[in-house]
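Topology and contacts: notes
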Amino acid sequence: MTYFADLSSRQVADVVNGPRVPVLLLPLGAVEPHGPHAPLGTDPLISRGMCERAADRLAADDDVHVLVLPEVPYGVTRFAAGFAGGVHIGEETLHSLLVDIGSALIGQRFRRILLVNNHFEPAHLVTLRRAVETLNFAYDGRVALLDLVRRRHAERLTEEFRSGECHAGRYETSLVLADRPELVDQPLMRTLPHVPVSLASAPEDGGFLAMGMSDAYCGTPAEATAAEGEQTFSTLTDLLVEAIRELARE
């Protein structure tokens, strides 16, 4: 079974005491506007899709037992201020939530937890990294973050992702088309012009409007395809499987 919350209490105990190393995946993101064409839940949708694919790929593995935790869809999203649909939570709220979830699991001997995130606002990323440090130091966990903006990961992703023009652009829209195409307004998507704004150089106290993203997207969503999304999901799954195996060896 793939989903932690689908198990019974007895089945969870069997996983802890089983022959394979349990690794729990926690999908993360933010509920925020992704242009006029893509769903508010784009980020957690991508994280969940990665986790499901990685768990499926490793389902018959002899060494690791991968389970997907219920996602945490809310994050730090001040950049979305001024647009309908953004649900922001503060850094301390997110940190406390992740530490509480992690410590509860570590206390049950699920020490290996991998955070899988697809929301890249700087303050959000800083909070995730801090939560990992807290759990590893204070609770003796083996907790890690698959940090896709790190160079060694980003260089394996698409040109648009590396450029930073990837909020609801070709990169993210392609991934949604691959997983939930019915959530994308494709006729509208094809009319959207290129918005040359790089989030890689965004100020920490900035926002979509201040950066020139008047429709809450950047990049080129009109060029998105489900085929590119499937290819990107394959690369993201490769990265996640590698991170799972690395964590299992610790």
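An account of the accompanying structure is given in this report. (Residues numbered from 1 in each chain as written. Predicted model: local features only at pLDDT ≥ 70, side-chain atom pairs only at ≥ 80, totals over all residues. Heavy atoms only, no water.)

1. Here's the deal with the side chain of Glu 172
Following the sequence through the fold, Glu 172 ends up in helix α7 (residues 170-179). Comment: no salt bridge for buried Glu 172; closest opposite-charge side chain is Arg 170, at 13 Å. Within the local environment of Glu 172, its side chain forms a polar contact with the side chain of His 34, the two groups lying 3.4 Å apart. (Helix = DSSP H or I, 4+ residues; strand = E, 2+ residues; numbered from the N terminus. Buried < 20%, exposed > 50% of the residue type's maximum accessible area, 1.4 Å probe, protein only. Lys, Arg positive; Asp, Glu negative; His and termini not counted. Salt bridge = Lys/Arg side-chain N within 4 Å of Asp/Glu carboxyl O. Polar contact = N/O pair within 3.5 Å; in protein donor to acceptor, adjacent residues only side chain to side chain.)

2. Looking at the pattern of salt bridges
Summed over all chains, the structure comprises 15 salt bridges. Here Asp 61 and Arg 245 are joined by a salt bridge, their closest N and O atoms 2.7 Å apart. With Asp 61 in the loop between α2 (42-57) and β2 (64-68) and Arg 245 in helix α10 (residues 226-249), the pair connects residues that are 184 residues apart, well separated along the chain. Under the relative-accessibility criterion, Asp 61 is labelled buried at 14%. The closest approach of N and O atoms between Glu 182 and Arg 180, which form a salt bridge, is 2.4 Å. Each of Arg 53, Asp 179 and Glu 230 takes part in a single network of salt bridges with overlapping partners.

3. Section: unusual backbone geometry
A negative phi angle is the norm for most residues apart from glycine, just as the trans form is the norm for most peptide bonds. For Arg 109, which is not glycine, the phi dihedral falls at a positive 75 degrees. Turning to its location among the elements, Arg 109 is positioned in the loop between α3 (91-106) and β3 (112-117). Looking at Arg 109, the relative accessible area reads 53%, which means it is exposed.

4. Here we look at the packing of α3 against helix α4 (residues 122-138)
In the contact formed by α3 and α4, the axes pass within 9 Å of each other and the chain directions differ by 30 degrees. In terms of crossing hand, the pair formed by α3 and α4 is right-handed. Mapping the contact onto sequence places Glu 91, Glu 92, Leu 94, His 95, Leu 98, Val 99, Gly 102, Ser 103 and Ile 106 in α3 and Ala 123, His 124, Thr 127, Leu 128, Arg 130, Ala 131, Thr 134 and Leu 135 in α4. Of the residues in the contact of α3 with α4, the class split is eight nonpolar, six polar and three charged. (Axes fitted to C-alpha atoms, helices over the stretch in contact; angles between N-to-C directions. Left-handed = near helix turned anticlockwise from the far one by under 90°. Contact = heavy atoms within 4.5 Å. Nonpolar A, V, L, I, M, F, W, Y, C, P; charged D, E, K, R; others polar.)

5. Describing the nonpolar core
Within the largest apolar cluster, 37 residues are counted, with the highest numbers of intra-cluster contacts made by Leu 25, Met 50, Leu 114, Leu 236, Leu 240 and Ile 244. Among the elements of the structure, β1 (21-28), α2, β2, β3, α7 and α10 are those that each provide at least two residues to this core. Here this core takes nine residues from α10, the largest share from any one element. Excluding its chain neighbours within four sequence positions, the residues that come into contact with Leu 236 are Ile 46, Met 50, Leu 148, Leu 157, Tyr 171 and Leu 175. The next biggest cluster of nonpolar side chains, apart from the first, holds 28 residues, and it includes Leu 67, Ile 89, Val 99 and Leu 135. (Core = buried A, V, L, I, M, F, W, Y, C linked by side-chain atoms within 4.5 Å.)

6. Considering α7
α7 sits mainly inside the fold: eight of its ten residues count as buried. When we look at burial in α7, the residues that qualify are Tyr 171, Glu 172, Thr 173, Ser 174, Leu 175, Val 176, Leu 177 and Ala 178. The inward-facing, buried residues of α7 contact α2, α6 (159-163), α8 (186-189) and α10.

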